[in-house]
Amino acid sequence: MVINASIRERATQFFIQEAPELLQVIEQELLSLAQQRSPQKVHSLMRAAHSLKGGAASVGLETVTTIAHRLEDFFRALHHEAVVIDSELEELLLQGFDSLRNPLMEVITKGRLNKTAALKTAEEAFLRLDERLGSYGPAELPTSAELGVDMTASIFTVDVVQGLERLRSVVSERSNPALTGELRTQAEVFLGLADLLELPGFAEIARYTMAAIDLHPTQGYTIAQI
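A brief look at the structure comes next. Just so it is clear, the model here is predicted, and its values are computed rather than measured.

Reading guide: rules and limits
Residues numbered from 1 in each chain as written. Predicted model: local features only at pLDDT ≥ 70, side-chain atom pairs only at ≥ 80, totals over all residues. Heavy atoms only, no water. Helix = DSSP H or I, 4+ residues; strand = E, 2+ residues; numbered from the N terminus. Rg over C-alpha atoms; globule rule 2.2 N^0.38 Å. Buried < 20%, exposed > 50% of the residue type's maximum accessible area, 1.4 Å probe, protein only. Contact = heavy atoms within 4.5 Å. Axes fitted to C-alpha atoms, helices over the stretch in contact; angles between N-to-C directions. Parallel < 35°, antiparallel > 145°, perpendicular 65-115°, else oblique. Left-handed = near helix turned anticlockwise from the far one by under 90°. Nonpolar A, V, L, I, M, F, W, Y, C, P; charged D, E, K, R; others polar. Phe/Tyr/Trp six-rings, centres within 6.5 Å; stacked < 30°, edge-to-face > 60°. Expected span 1.5 Å × (residues − 1). Core = buried A, V, L, I, M, F, W, Y, C linked by side-chain atoms within 4.5 Å.

### Quick word on the overall build of the protein chain
Turning to step 1, where the next piece is worked out: The helix and strand tally for the protein chain stands at 10 helices and 0 strands.
Turning to step 2, where the next piece is worked out: Listing the helices and strands of the protein chain from first to last along the sequence gives α-α-α-α-α-α-α-α-α-α.
Turning to step 3, where the next piece is worked out: A compact globule built from 226 residues would reach a C-alpha radius of gyration of about 17 Å, and the protein chain, at 18 Å, matches this within 12%.
Turning to step 4, where the next piece is worked out: Based on the C-alpha atoms only, the size of the protein chain along its principal axes is roughly 55 × 40 × 25 Å.
Turning to step 5, where the next piece is worked out: When the 226 residues of the protein chain are sorted by exposure, 46% land in the buried category.
Turning to step 6, where the next piece is worked out: The long-range share in the protein chain, meaning contacts at least 24 apart out of those at least 6 apart in sequence, stands at 75%.

Here it is in structure tokens:
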């Protein structure tokens, strides 16, 4: 599907401005994780990786989206109290982070990405991480009281609002040929947020949106309004 150039450019510029800050958050949290492990720190890692995943998805960077998603899953495993964060795991996590940062910075600085090389490097790092963390499975997320912050409210205030504003700019042009594609992409991002927050109702809205697009691909404007 043809994507409206001006809308995609605005979304890309926003992502390029936001991504380095999110990468810095992940790096800082990882470097102090072994000494200052806490639910808040792990949540910060997950949140930054999730935001990078959603931002990359919104501008069509599927390779970065895939890598960020895998890294987010490994960060979630750190909520398991049985996971021992020793020097080896710390090094593996930093390698996993590099597999996300390097291709992302390549996109930001050079405007291109070697997808094959990026995925190969990431898979090598993730195989080693999976050996350490794969057996733990998805950890139960800490409560808002444990985090000291209402995670749902925080994400809806920032991530969801940004997504809706992005959709608003697309829907403002009823004949925009990119509308259906942008709507599906944002629905996928919202589905990821719903899974992260364990909100089945929100997930159902996102899935129904994608199902409606599949059934009626020429009715993007109507579906978006609903």
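### Some points on the packing of helix α4 (residues 87–110) against helix α5 (residues 115–133)
Turning to step 1, where the next piece is worked out: Look at α4 against α5: their axes get within 9 Å of each other, and the N-to-C directions meet at 155°. As summarised for this structure, α4 and α5 are arranged roughly antiparallel, according to the angle between their axes. The way α4 lies across α5 gives a crossing that is left-handed. Two secondary-structure elements touch here, α4 through Glu88, Leu89, Leu92, Leu93, Gln95, Gly96, Ser99 and Pro103 and α5 through Ala118, Thr121, Ala122, Ala125, Phe126, Arg128, Leu129, Arg132 and Leu133.
Turning to step 2, where the next piece is worked out: Within the contact of α4 with α5, the residues separate by chemical class into 10 nonpolar, 4 polar and 3 charged.

### Some thoughts on the packing of aromatic side chains
Both the distance between ring centres and the angle between the ring planes are used here to describe each pair of aromatic rings.
Turning to step 1, where the next piece is worked out: Under the criterion given, the structure shown has 3 aromatic pairs.
Turning to step 2, where the next piece is worked out: On the numbers, 5.5 Å between centres and 45° between planes, the contact of Phe74 with Phe126 is tilted. In this pair, Phe74 is assigned in helix α3 (residues 62–77) and Phe126 in helix α5, connecting sequence segments 52 residues apart. Each member of the pair, Phe74 as well as Phe126, carries the same accessibility label: buried.
Turning to step 3, where the next piece is worked out: Ring centres of Phe190 and Phe202 lie 5.5 Å apart, and the angle between their planes is 40°; this geometry places the pair in the tilted category. Separated by 12 residues along the polypeptide, Phe190 in helix α8 (residues 179–197) and Phe202 in helix α9 (residues 200–215) bring together distant segments of the chain.
Turning to step 4, where the next piece is worked out: You can call Phe190 buried: its relative accessible area is 9%.

### A few points about α3
Turning to step 1, where the next piece is worked out: Given a rise of 1.5 Å per residue, 16 residues ought to cover 22 Å, and the 23 Å separating the end C-alpha atoms of α3 matches this to within 8%.
Turning to step 2, where the next piece is worked out: Of the residues making up α3, those classed as buried are Thr63, Val64, Thr65, Ile67, Ala68, Leu71, Glu72, Phe74, Phe75, Arg76 and Ala77.

### Focus on the side chain of Ser51
Turning to step 1, where the next piece is worked out: By secondary structure assignment, the location of Ser51 is in helix α2 (residues 39–58).
Turning to step 2, where the next piece is worked out: A residue is classified by how much of its surface remains accessible, and Ser51, at 12% relative accessible area, is buried.
Turning to step 3, where the next piece is worked out: Among residues more than four places away in sequence, those in contact with Ser51 are Leu22 and Asp159.

### Focus on the nonpolar core
One broad rule of soluble globular proteins: the nonpolar side chains tend to lie buried together.
Turning to step 1, where the next piece is worked out: Core analysis: the largest hydrophobic core is formed by 53 residues, its most contacted members being Ile26, Leu30, Leu52, Phe75, Leu78 and Leu100.
Turning to step 2, where the next piece is worked out: Elements supplying a minimum of two residues to this core: α1 (5–31), α2, α3, α4, α5, α7 (151–171), α8 and α9.
Turning to step 3, where the next piece is worked out: Ranked by residue count, the leading element in this core is α4, at 8 residues.
Turning to step 4, where the next piece is worked out: Non-local contacts of Leu30, meaning those with residues more than four positions away in its chain, are made with Leu45, Phe75, Glu90, Leu93, Leu94 and Phe97.

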